[in-house]
Amino acid sequence: MRIRYTHLAGVVGSPEGLETGALCGPQMNDLPIVRDAFVELVDGKIAALGSMTDCPESDAGWDIRTAKGQWMLPGFVDSHTHLVHAADRVAEFRMRLDGASYQEISAAGGGILNSAAALEKMDESALLDALLERLELARSTGTVAAEIKSGYGLTFEAERKMLRVVRAAQSAQSLPLWATFLGLHALPKDQNLDHFVGEAIDRWLPALADEGLVDFVDLFCEAGYFRTFDLLRLAEAADRRGIRLKAHTNQFHSIGGVSASIQAKALSVDHLEVLSDEDLSALKTAWSQGIGPMPVALPHCSLFLNIPYAPGRAMIDAGLPLALASDCNPGSSPSSDLRMVWSLATSQMKLRVDEGLAALTANAAYALGAQERMGRIQPGMEAHVLLTKPMTDYAQIPYFTSENYIAQTLIYGQ
Ligand code: NIG
Ligand code: FE
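Residues numbered from 1 in each chain as written. Chains lettered and ligands numbered in written order. Predicted model: local features only at pLDDT ≥ 70, side-chain atom pairs only at ≥ 80, totals over all residues. Heavy atoms only, no water.

Caption draft 1: Up close: the pattern of salt bridges. The tally for this structure, following the rule as stated, stands at 22 salt bridges. Notably, a salt bridge pairs aspartate 218 with lysine 149, separated by 2.8 Å at the nearest N-O pair. Highlighted residues: aspartate 218 in strand S9 (residues 216-221) and lysine 149 in strand S7 (residues 143-149), separated in sequence by 69 residues. For the pair formed by aspartate 218 and lysine 149, the shared burial category is buried. One salt bridge in this structure joins arginine 227 and aspartate 194, with 2.7 Å as the shortest N-O distance. Separated by 33 residues along the polypeptide, arginine 227 in the loop between S9 and helix H7 (228-239) and aspartate 194 in helix H6 (residues 193-210) bring together distant segments of the chain. We classify arginine 227 as partly exposed; its relative accessible area is 22%. Residue aspartate 194 is classed as partly exposed on the basis of its relative accessible area of 46%. (Salt bridge = Lys/Arg side-chain N within 4 Å of Asp/Glu carboxyl O. Helix = DSSP H or I, 4+ residues; strand = E, 2+ residues; numbered from the N terminus. Buried < 20%, exposed > 50% of the residue type's maximum accessible area, 1.4 Å probe, protein only.)

Next up, the structure:
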């Protein structure tokens with residue numbers, strides 16, 4: 001496969017293949033751009049790019065694609081999703097509009113437990129079909145790779161079923177996927193908290209990891225759900241198997257999840273809607289020591305639950321990196337559309353256009369440990385990119401909040 005895109009309005013990328021680190025603070029607003037550009041893709045990777053004035057003359061052996069007026073951007077990497085689920089939760093949506101809060105619905109046995117009951121009844125092949133449809137939809141709005149969590153199983157067998165569905169989807173389609181074990185998502189009814197935590201960490205995790213089903217672990221570190229010492233215990237058990245933690249923390253309360261995640265050498269800390277000054281300075285210290293977890297904001301969850309947005313502007317101004325993800329799930333964020341996330345990041349979190357793009361690409365790849373593979377358009381990277389419709393400025397993607405101006409999403413150049 002040798003494909004040469006020519007006459008692009010521009011490419012957000014660099015002819016040199018040097019950069020793979022997290023983009024911090026002002027670096028997020030300083031993305032490399034080549035205007036009036038060509039890009040060469042060879043065997044699923046970015047081989048070369050540059051200005052049309054430097055475009056090779058010979059077409060022999062190349063599949064030439066004239067992309068007049070179109071932009072090529074790194075595709076969106078969705079580092080936090082719950083894309084395996086059985087059903088929507090529209091009944092709870094109505095309940096919230098009648099005045100119940102997300103936490104009240106949860107406490108009454110709805111919420112995550114409701115999704116777990118539905119998942120219990122659905123078999124692997126039906127779950128896989130639903131997942132494949134959701135991945136196609138995500139791809140149509142620019143997503144090129146996704147992390148997918150368990151957490152609607154809450155028994156060993158059902159958690160295993162979810163993770164096996166992710167692995168089956170990896171073989172059935174081309175988007176790169178990661179599977180995260182989120183057994184500690186909610187406490188099933190009538191279970192003892194300490195006993196449940198022990199089962200998930202000491203029995204389920206080893207068995208699931210031995211079966212090759214676990215790329216990352218996660219837990220919901222939140223008042224009324226799981227505690228910071230559960231987080232430390234989970235991360236320690238995972239670390240013995242070379243598996244990193246990505247933690248749900250600080251969604252409703254700041255209970256020490258950020259500091260515990262730093263101590264546990266987490267790869268990312270996700271949600272962060274309620275971030276105290278101490279949490280922010282703990283992140284700053286960790287990043288100054290080179291041991292920081294990637295902060296991941298989930299603005300569509302804030303929109304849908306009408307809760308505060310993570311203070312992304314403050315984090316970037318403090319010199320931190322930031323990633324953005326969809327959190328696609330039936331309870332708090334029923335959308336996988338990362339164009340919408342980019343729009344919300346700009347209009348609600350006050351990120352600049354390029355900061356939003358950096359957060360959805362290079363930094364999102366970092367939140368999966370995939371920064372050497374994807375998230376940037378530069379020689380050597382896998383060719384997971386998107387092509388816009390003809391437009392003067394790629395800011396039109398977040399500017400138009402609902403029309404789809406993405407023409408094509410390429411995975412391994414296809
Ligand atoms: O990231 N907050 C915890 N987990 C999900 C929501 C799960 C659900 O409500 O089904 C989240 O928002
Ligand atoms: Fe989530």
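Caption draft 2: Structural detail: the packing of aromatic side chains. With the rule as written, the count across this model stands at ten aromatic pairs. With 5.0 Å between their ring centres and 70° between their planes, tryptophan 71 and tyrosine 394 make a pair best called edge-to-face. With tryptophan 71 in strand S5 (residues 71-74) and tyrosine 394 in the loop between strand S14 (385-388) and helix H15 (396-399), the pair connects residues that are 323 residues apart, well separated along the chain. Given a relative accessible area of 1%, tryptophan 71 falls into the buried group. Consider the rings of phenylalanine 400 and tyrosine 405, whose centres lie 4.6 Å apart with planes at 25°: the pair is stacked. Ring pairing ties together the aromatic residues Phe196, Trp204 and Phe226, which thus form one cluster. Taking the ring centre of tyrosine 405 as reference, the NZ or CZ of lysine 389 above it sits at 5.9 Å. (Phe/Tyr/Trp six-rings, centres within 6.5 Å; stacked < 30°, edge-to-face > 60°. Lys NZ or Arg CZ within 6 Å of the ring centre and 35° of its normal.)

Caption draft 3: Broad picture of the packing of helix H4 (residues 124-140) against helix H5 (residues 156-172). H5 packs onto H4 with a crossing angle of 55° between their chain directions and a minimal axis gap of 9 Å. Taken together, the axis directions place H4 and H5 in an arrangement best described as oblique. Here the hand of the crossing between H4 and H5 comes out right-handed. Two secondary-structure elements touch here, H4 through Glu124, Leu127, Leu128, Leu131, Leu132 and Leu135 and H5 through Lys161, Arg164, Val165, Val166, Ala168, Ala169 and Ala172. Each residue belonging to the contact of H4 with H5 can be placed in one class, and the counts come to ten nonpolar, no polar and three charged. (Axes fitted to C-alpha atoms, helices over the stretch in contact; angles between N-to-C directions. Parallel < 35°, antiparallel > 145°, perpendicular 65-115°, else oblique. Left-handed = near helix turned anticlockwise from the far one by under 90°. Contact = heavy atoms within 4.5 Å. Nonpolar A, V, L, I, M, F, W, Y, C, P; charged D, E, K, R; others polar.)

Caption draft 4: Broad picture of the site of ligand 1. As a structural note, the neighbourhood of ligand 1 is formed by 15 residues, with Arg89, Tyr102, Tyr152, Gln251 and Ser332 the closest of them. Within the side chain of histidine 248, a nitrogen or oxygen atom sits 2.9 Å from an oxygen atom of ligand 1. For ligand 1, an oxygen atom lies 2.9 Å from a polar atom in the side chain of aspartate 327. Relative to its unbound accessible area of 330 Å², ligand 1 is 100% covered by the protein chains. Of the residues in the shell around ligand 1, the class split is four nonpolar, nine polar and two charged. (Near = heavy atom within 4 Å. Polar contact = N/O pair within 3.5 Å; in protein donor to acceptor, adjacent residues only side chain to side chain. Areas by Shrake-Rupley, 256 points an atom, 1.4 Å probe, with all protein chains shown as cover.)

Caption draft 5: Just the sheet that holds S9, in detail. With parallel pairing, the eight strands of this open sheet are ordered in space as S6-S7-S8-S9-S10-S11-S12-S13. Pairing within the sheet leaves two strands with one partner each, and these edge strands are strand S6 (76-78) and strand S13 (323-324). Relative to S13, strand S12 (residues 294-297) is paired through two bridges, and the arrangement is parallel. Across the sheet, the residue bridging to valine 296 is alanine 323, located in S13. Along the sheet, H5 makes contact with S7 and strand S8 (177-184), crossing S8 at roughly 175°. The strands that helix H12 (residues 338-347) touches are S6, S7 and S13; relative to S6, the one it contacts most, it runs at about 95°. (Pairing = 2+ DSSP bridges.)

Caption draft 6: Molecular detail of the domain arrangement of the protein. Taken domain by domain, the protein comprises domain 1 (2-75 + 375-410) and domain 2 (76-366). Between domain 1 and domain 2, the C-alpha centre-to-centre distance is 29 Å. Between domain 1 and domain 2, the residue contacts involve 30 residues of the former and 34 residues of the latter. Counting each side, the surface lost to burial between domain 1 and domain 2 is near 2,400 Å², with a carbon and sulfur contribution of 66%. Its largest share of buried area at the contact with domain 2, domain 1 owes to Met28, Pro398 and Thr409, together 24% of the area lost on that side. At the boundary of domain 1 and domain 2, one finds zero salt bridges. In this structure, the connection of domain 1 to domain 2 is made through nine residue pairs in polar contact (both at pLDDT 80 or more). (Domains from an automatic or database assignment. Buried area = accessible area lost by both parts, 1.4 Å probe.)

Caption draft 7: Here's a closer look at H7. Compared with an ideal rise of 1.5 Å per residue, which puts twelve residues at 16 Å, H7 spans 16 Å between its outermost C-alpha atoms and is within 8% of the ideal. Every buried residue belonging to H7 is among Asp230, Leu231, Leu234, Ala235, Ala237 and Ala238, and all of these are buried. Summarising the axial view, the buried residues of H7 lie within an arc of 165°, below the 170-degree limit, and thus occupy one face. With respect to the buried face of H7, the exposed residues turned more than 90 degrees away are Glu236 and Asp239. Structurally, H7 contributes buried residues whose contacts are with H6, S9, strand S10 (244-249) and helix H8 (257-263). (Expected span 1.5 Å × (residues − 1). Arc of directions from axis to C-beta.)

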